[in-house]
Amino acid sequence: MNITRRATLIWSLGAVIFSLIGVYTALTSDGVWYLIGSAVVLLLAGVVFASKAILATRPAS
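Rules used in this analysis
Residues numbered from 1 in each chain as written. Predicted model: local features only at pLDDT ≥ 70, side-chain atom pairs only at ≥ 80, totals over all residues. Heavy atoms only, no water. Helix = DSSP H or I, 4+ residues; strand = E, 2+ residues; numbered from the N terminus. Rg over C-alpha atoms; globule rule 2.2 N^0.38 Å. Buried < 20%, exposed > 50% of the residue type's maximum accessible area, 1.4 Å probe, protein only. Areas by Shrake-Rupley, 256 points an atom, 1.4 Å probe, with all protein chains shown as cover. Patch = residues over 30% accessible without salt bridge, like charges linked within 9 Å, V, L, I, M, F, W, Y side chains within 5 Å. Salt bridge = Lys/Arg side-chain N within 4 Å of Asp/Glu carboxyl O. Expected span 1.5 Å × (residues − 1). Contact = heavy atoms within 4.5 Å. Phe/Tyr/Trp six-rings, centres within 6.5 Å; stacked < 30°, edge-to-face > 60°.

Visitor: Before we move on, can you summarise the overall build of the protein with the specific residues and values?
Guide: Along the backbone of the protein there are two helices and zero strands. A compact globule built from 61 residues would reach a C-alpha radius of gyration of about 10 Å, whereas the protein, at 14 Å, exceeds it by more than 25%. Projecting the C-alpha coordinates of the protein onto the three principal axes gives extents of approximately 45 × 20 × 10 Å. Taking all 61 residues of the protein together, the buried fraction comes to 18%. Roughly 4700 Å² of accessible area belongs to the protein as shown, and the carbon and sulfur atoms make up 73% of that amount.

Right, here's the structure in full:
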């Protein structure tokens, strides 16, 4: 497996994990403000990981 595919796989796995935990936290928060805040932070981390995965697929220039 080359380095680009491995990096993409790692970033994608991180995006999935952070997004799933963020959604689960948001759905089970019961309106508690700090759980909603942590769910937002986790979802933002998932978005960052997904963008890194997209950038890892691009060829180096």
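Visitor: An account of the environment of I17 is requested, with residue identities and associated values reported.
Guide: Summarising the element assignment, I17 is placed in helix α1 (residues 3-27). Classification of I17 as partly exposed rests on a relative accessible area of 41%. Spatially, the C-alpha atom of I17 lies 17 Å from that of L35, the residues being 18 residues apart in sequence.

Visitor: Please provide a residue-by-residue account of a nonpolar patch on the surface, values included.
Guide: A contiguous nonpolar surface patch, about 270 Å² in accessible area, is contributed by L13, I17 and I21. Note on placement: I21 falls in helix α1. Look at I21 and you get partly exposed, because its relative accessible area is 41%.

Visitor: Can you lay out helix α2 (residues 33-57) for me, pointing to particular residues and giving the numbers?
Guide: Relative to the 36 Å expected for 25 residues at 1.5 Å per residue, α2 spans 37 Å between its end C-alpha atoms, a close match to the ideal helical length. On its buried face, α2 sits against α1.

Visitor: An account of the packing of aromatic side chains is requested, with residue identities and associated values reported.
Guide: How two aromatic rings sit relative to each other is set out by the distance from centre to centre and by the angle between their planes. Going through the model one piece at a time under the given rule, you end up with three aromatic pairs. Centroid distance F18 to F49: 5.1 Å. Interplanar angle 40 degrees. Geometry classified as tilted. With F18 in helix α1 and F49 in helix α2, the pair connects residues that are 31 residues apart, well separated along the chain. Taking relative accessible area as the criterion, F18 reaches 29% and is therefore assigned partly exposed. Taking the centre distance of 5.7 Å and the plane angle of 90 degrees together, the rings of W33 and Y34 count as edge-to-face. Using a relative accessible area of 69% as the deciding quantity, one classes W33 as exposed.

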